[in-house]
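Notes for the structure review
The lines below spell out each chain.
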Amino acid sequence: LNKGRKHYNYRFACIGNNMENIRLQLAGGVSEIAKDEDIPEPPPTLEKFIFIMSDQVEKEEIPERFLHSFQSNYPLFGKYFQQCLKCTGNRGRNVHHFAFQYSLYKLLESYGIITENILAVGIGRTTAAVISGDITLEQAADRVNSYEKEKLTNLEQRVKSLIENETRHQPTAFVDLGLKGEISRELEI
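This report concerns the structure included in the present document. Nothing here was measured: the structure is a model prediction, and the numbers come from that model. (Residues numbered from 1 in each chain as written. Predicted model: local features only at pLDDT ≥ 70, side-chain atom pairs only at ≥ 80, totals over all residues. Heavy atoms only, no water.)

Structural notes on the pattern of salt bridges
Taken as a whole and judged by the stated rule, the model has 2 salt bridges. A salt bridge links Lys48 to Glu166; the nearest nitrogen and oxygen atoms lie 2.2 Å apart. Of the two residues, Lys48 is situated in strand 1 (residues 48-53) and Glu166 in helix 7 (residues 155-167); the sequence distance between them amounts to 118 residues. Here Lys48 falls in the buried class, since its relative accessible area comes to 17%. (Salt bridge = Lys/Arg side-chain N within 4 Å of Asp/Glu carboxyl O. Helix = DSSP H or I, 4+ residues; strand = E, 2+ residues; numbered from the N terminus. Buried < 20%, exposed > 50% of the residue type's maximum accessible area, 1.4 Å probe, protein only.)

Structure (structure tokens):
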């Protein structure tokens, strides 16, 4: 088990022929680790996260097998995804991207993972409008089917400012709901 696992700061392994033997080894090993003065401070608690909903990168589509697998493994996701397809008539590549963002948000919401912090650009604006209740799925269908991709200008500087502003006072995670878009790609740099 220890082979290739160099990303852990502290590892402890023991071998025993019964549970009592393993418990004794674990108790001794934990107390030894606790004495070590080089134990780093725990990372700061994540206080804020931002959902990113944006356009997908040109010519990149969500693979069918991925969509099928996601719908099979997460029935609630599948329910919302099919609902979106029905409303939009399943026309055009924007439909799958919109449906994926909306369905993933609803799935995360069902697990209690919600945030009021949403960065919406392009097709993501329509997704965010549905989530906030400003428009219905039926109204979103018209927008999605007629949507033309926006060109994002000065993206590098805008993302740099976003990071500086949002992470200045607290640890912040940026979570992209969909395929990696232009904003996510810029965040990785």
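Here's the deal with the packing of helix 4 (residues 93-110) against helix 5 (residues 123-132)
The packing of two helices is summarised by the inter-axis angle and the distance between the axes. At a minimum axis distance of 10 Å, the contact between helix 4 and helix 5 shows a crossing angle of 40°. As judged from the angle between their axes, helix 4 and helix 5 are oblique. Like other packed secondary-structure pairs, helix 4 and helix 5 cross with a definite hand, here right-handed. Residues Asn94, His97, Phe98, Gln101, Tyr102 and Tyr105 of helix 4 lie in contact with helix 5, whose contacting residues are Ile123, Gly124, Thr126, Thr127, Val130 and Ile131. Residue classes in the contact of helix 4 with helix 5 are distributed as 6 nonpolar, 6 polar and no charged. (Axes fitted to C-alpha atoms, helices over the stretch in contact; angles between N-to-C directions. Parallel < 35°, antiparallel > 145°, perpendicular 65-115°, else oblique. Left-handed = near helix turned anticlockwise from the far one by under 90°. Contact = heavy atoms within 4.5 Å. Nonpolar A, V, L, I, M, F, W, Y, C, P; charged D, E, K, R; others polar.)

Looking at the nonpolar core
In terms of nonpolar packing, the biggest core is built from 30 residues, with Phe77, Phe81, Phe98, Phe100, Leu104, Val130 and Leu177 touching the most fellow members. Those elements giving two or more residues to this core turn out to be strand 1, helix 2 (64-73), helix 3 (75-88), helix 4, helix 5 and helix 6 (137-146). A total of 9 residues in this core trace back to one element, the largest contributor, which is helix 4. Not counting the four nearest positions on each side in its chain, Phe77 is found in contact with Phe70, Gln71, Phe100, Ser103, Leu104 and Leu107. Membership of the second largest hydrophobic core comes to 6 residues, among which are Ile52, Leu155, Val159 and Ile183. (Core = buried A, V, L, I, M, F, W, Y, C linked by side-chain atoms within 4.5 Å.)

What to know about the packing of helix 4 against helix 6
At a closest axis distance of 9 Å, the pairing of helix 4 and helix 6 adopts a crossing angle of 140°. Relative to helix 6, the element helix 4 lies oblique. You can see that helix 4 and helix 6 cross each other, and the crossing is right-handed. Counted together, Asn94, Val95, Phe98 and Tyr102 of helix 4 and Leu137, Ala140, Val144 and Asn145 of helix 6 form the full contact between these two elements. Here the contact of helix 4 with helix 6 is composed, by residue class, of 6 nonpolar, 2 polar and no charged.

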